[in-house]
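Report on the structure
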Amino acid sequence: MTAAPIQTLSRRRVLPVGENGSLWEARTSPSCGVFEFRGTRLWLAVEDPAKVLFPTDCGLSLIAALNDASTPELTGVNALDIGAGSGVYSVALLAAGAERVTALDINPASAAQTMANVVTNRLDATRLKCVTSPLEEYAPDEKFDLVITNPPHLPYDPSYARCDGLEVALVARSNGRAMYDAVVDQMDTLLAPGGTLLMAHSSLADVPKTVKEFTARGYGSGTLGVFEMDIPLLAYAEHRDTMLGLLEEQREAGRAEFDGSRFTVHALMFRRPPSGV
Ligand SMILES: C[S@@+](CC[C@H](N)C(=O)[O-])C[C@H]1O[C@@H](n2cnc3c(N)ncnc32)[C@H](O)[C@@H]1O
């Protein structure tokens with residue numbers, strides 16, 4: 001059982017060196033910005049960026065890729081935003097006409113921030129449901145038409161482990177793949193047959209592995225865009241050498257791609273085969 005192939009667009013955007021945040025249309029403060037999504041201007045703010053990640057260019061690259069693509073259709077979908085953080089994707093989906101959005105995050109601070117951003121944008125908050133749970137333990141009694149996610153992608157090391165929302169947003173075990181692996185494992189449970197998964201996938205966390213695993217499950221896959229940018233090491237400046245050393249080991253093993261301090265984010269689209277195909 002395989003899904004129809006998805007058109008691959010070979011657009012590559014090179015974002016400025018030494019800058020994170022170039023994909024915002026405007027910034028009104030370090031943790032408040034404006035972005036456009038399919039014709040609507042939207043606001044996004046984070047009250048405490050140490051508790052909830054203010055969206056980076058990595059997350060915004062999927063927004064930019066979806067602005068350039070005519071698919072998927074978002075009107076009327078029942079969507080799941082995995083690792084919602086500030087709710088940037090939940091806000092975008094509701095603004096684009098999603099019927100319902102479930103914003104899931106392991107970080108309890110995400111729910112209030114996501115709701116606040118939905119309300120600020122005067123979107124219908126009754127269409128949003130926030131769930132605090134690790135993806136690995138999330139077992140809803142429904143399947144979604146669309147799933148969207150931007151998993152943490154930096155490798156874990158005890159020498160720089162810290163206990164805050166930034167850590168859980170950026171760093172993951174299994175060499176940065178823990179949440180990617182959970183997304184692969186859970187997708188048949190969460191996504192309806194024929195449904196779409198949208199993913200901002202870091203080149204530091206083995207893009208080919210994820211594509212191979214979904215292909216083996218019969219999913220169609222395509223690339224909506226590729227964005228080159230700086231590795232976001234600012235929050236880990238004093239551990240830069242340790243982190244780059246771990247990434248180099250991954251690169252030598254063929255599990256990471258980067259050049260100096262530059263890496264790429266792949267805006268990927270997967271489609272689960274319709275039932276009976
Ligand atoms: C890179 S951030 C993305 C946030 C937001 N979607 C964006 O693009 O700005 C990853 C998010 O995943 C959440 N997260 C990390 N591990 C998780 C898990 N096991 N289950 C659910 N959420 C998780 C983090 O709390 C964080 O909000």
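With that settled, consider the environment of Gly21. Along the polypeptide, Gly21 turns up in the loop between strand 1 (12-14) and strand 2 (26-29). Taking the C-alpha atoms as reference, Gly21 lies 15 Å from Ser86; in sequence the two are 65 residues apart. With near-sequence residues (within four places) excluded, Gly21 lies in contact with Arg27 and Asp57.

What follows is about the sheet that holds strand 3 (residues 32-37). As summarised here, the arrangement of the three strands in space is 2-3-4, forming an open sheet in which the pairing is antiparallel. Here the strands that pair on one side only, and so sit at the sheet edges, are strand 2 and strand 4 (40-45). Ignoring which end each strand starts from, the neighbouring axes of this sheet average 25 degrees apart. As judged from the three bridges shared by strand 2 and strand 3, these two strands associate in the antiparallel manner. Looking across to strand 3, one finds that Ser29 is bridged to Cys32. This element, helix 2 (residues 88-95), spans strand 3 and strand 4 of the sheet and lies at about 155 degrees to strand 4.

Of all residues adjacent to the ligand, which total 20 residues, the nearest are Gly83, Asp105, Leu135, Glu136 and Asn150. Within the backbone of Ile106, an N or O atom sits 3.2 Å from a nitrogen atom of the ligand. Between the ligand and Glu136 there is a distance of 3.0 Å, counted from a nitrogen atom to a side-chain nitrogen or oxygen. Taking 590 Å² as the accessible area of the ligand by itself, protein coverage stands at 95%.

What follows covers the pairing of strand 8 (residues 144-149). Among the six residues in strand 8, five count as buried, and that is most of the element. Inspection of the sheet shows strand 5 (residues 78-82) paired to strand 8 by four bridges, in the parallel sense. When the sheet's bridge partners are listed, Ala79 is paired in strand 8 with Leu146.

Another aspect to go through is the packing of helix 1 (residues 57-68) against helix 2. Running from N to C, helix 1 and helix 2 cross one another at 15 degrees; their axes reach a closest spacing of 11 Å. Taken as axis vectors, helix 1 and helix 2 run roughly parallel relative to one another. Read as a crossing pair, helix 1 and helix 2 show a hand that is right-handed. Contacts between helix 1 and helix 2 involve Gly59, Leu60, Leu62 and Ile63 from the former and Val88, Tyr89 and Ala92 from the latter. Class assignment of the residues belonging to the contact of helix 1 with helix 2 gives a composition of six nonpolar, one polar and no charged.

Conventions and cut-offs
Residues numbered from 1 in each chain as written. Predicted model: local features only at pLDDT ≥ 70, side-chain atom pairs only at ≥ 80, totals over all residues. Heavy atoms only, no water. Helix = DSSP H or I, 4+ residues; strand = E, 2+ residues; numbered from the N terminus. Contact = heavy atoms within 4.5 Å. Pairing = 2+ DSSP bridges. Axes fitted to C-alpha atoms, helices over the stretch in contact; angles between N-to-C directions. Near = heavy atom within 4 Å. Polar contact = N/O pair within 3.5 Å; in protein donor to acceptor, adjacent residues only side chain to side chain. Areas by Shrake-Rupley, 256 points an atom, 1.4 Å probe, with all protein chains shown as cover. Buried < 20%, exposed > 50% of the residue type's maximum accessible area, 1.4 Å probe, protein only. Parallel < 35°, antiparallel > 145°, perpendicular 65-115°, else oblique. Left-handed = near helix turned anticlockwise from the far one by under 90°. Nonpolar A, V, L, I, M, F, W, Y, C, P; charged D, E, K, R; others polar.

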